[in-house]
Amino acid sequence: GGMPHVLSASFEGQLGRLPQVARAAAEPPKALALRLLTSQLELLAGGPAAAEGGVGEFAVTSQLGASRLGHICCVLLPVLRFAPRAVAIEQRKGRHATRLASAASASARLSQLQTPSSLLHPFADLRDAPTVRAMAELCETLGRAAPLEHLVHTLLPVAAAPRSGGGERASRREALWLLGRCVVGVTSGPR
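Quick caveat: nothing in here was measured; it's all calculated off a predicted structure.

Parameters and conventions
Residues numbered from 1 in each chain as written. Predicted model: local features only at pLDDT ≥ 70, side-chain atom pairs only at ≥ 80, totals over all residues. Heavy atoms only, no water. Patch = residues over 30% accessible without salt bridge, like charges linked within 9 Å, V, L, I, M, F, W, Y side chains within 5 Å. Areas by Shrake-Rupley, 256 points an atom, 1.4 Å probe, with all protein chains shown as cover. Salt bridge = Lys/Arg side-chain N within 4 Å of Asp/Glu carboxyl O. Buried < 20%, exposed > 50% of the residue type's maximum accessible area, 1.4 Å probe, protein only. Helix = DSSP H or I, 4+ residues; strand = E, 2+ residues; numbered from the N terminus. Expected span 1.5 Å × (residues − 1).

(A) Representation of a nonpolar patch on the surface within the structure. A cluster of nonpolar side chains, L148, V183 and V186, forms an exposed patch at the surface whose accessible area comes to about 190 Å². You can call L148 partly exposed: its relative accessible area is 35%.

Written out as structure tokens, the structure is:
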């Protein structure tokens, strides 16, 4: 029992509500929910307090073994759903368009392509920089908390899965993004 159990139950409850929060229209509650999960995970994993005799390892090495990590990833992958790729449609004007208008139009299209918001925030449900940053921080914290081999064994099969036919698609890009952020967390060490 005790504080780690209460914190663990709170983390699980917040994690369970995350998909619903992510589908909501407003971005600030999403960023807040993600930051709360990050803080709870840091505390459960021991965080800075562990070195000073804090709650200690949430045993992300044991409790957050493959099954628990798998559950967390199963919740995060749909939240990380990428937006459908934008399809560029070019409308060609008649032959009478001037070269100057064509050049200006091409220049405008090029500047749009160089920094599309879909590249900065490629997610369907996470639509602004603070929310995406909060998700990245959560994934990096997960990377610091979970054993790297568990992360790889959990996410690599999803990332390497063949594209599914029909309506359901594998979360390949999402799994690679999640794994990439976790690796950043592993390599960056504790905050």
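The structure having been displayed, the exposition proceeds.
(B) Geometry of helix α2 (residues 27–44). The first and last C-alpha atoms of α2 sit 26 Å apart over 18 residues, in line with the 26 Å expected at 1.5 Å per residue. Every buried residue belonging to α2 is among E27, K30, A31, A33, L34, L37, T38, Q40, L41 and L44, and all of these are buried.

(C) Region of the structure containing the pattern of salt bridges. Summed over the entire model, instances satisfying the criterion amount to 5 salt bridges. A salt bridge links E12 to R68, with the nearest nitrogen and oxygen atoms 2.7 Å apart. You can see E12 sitting in helix α1 (residues 2–23) and its partner R68 sitting in helix α4 (residues 66–79), a full 56 residues away along the chain. On the accessibility criterion, E12 (25% relative accessible area) is partly exposed. The exposure class of R68 is buried, given its relative accessible area of 14%. One salt bridge connects R127 with E27, and the closest N-O pair in it is separated by 3.7 Å.

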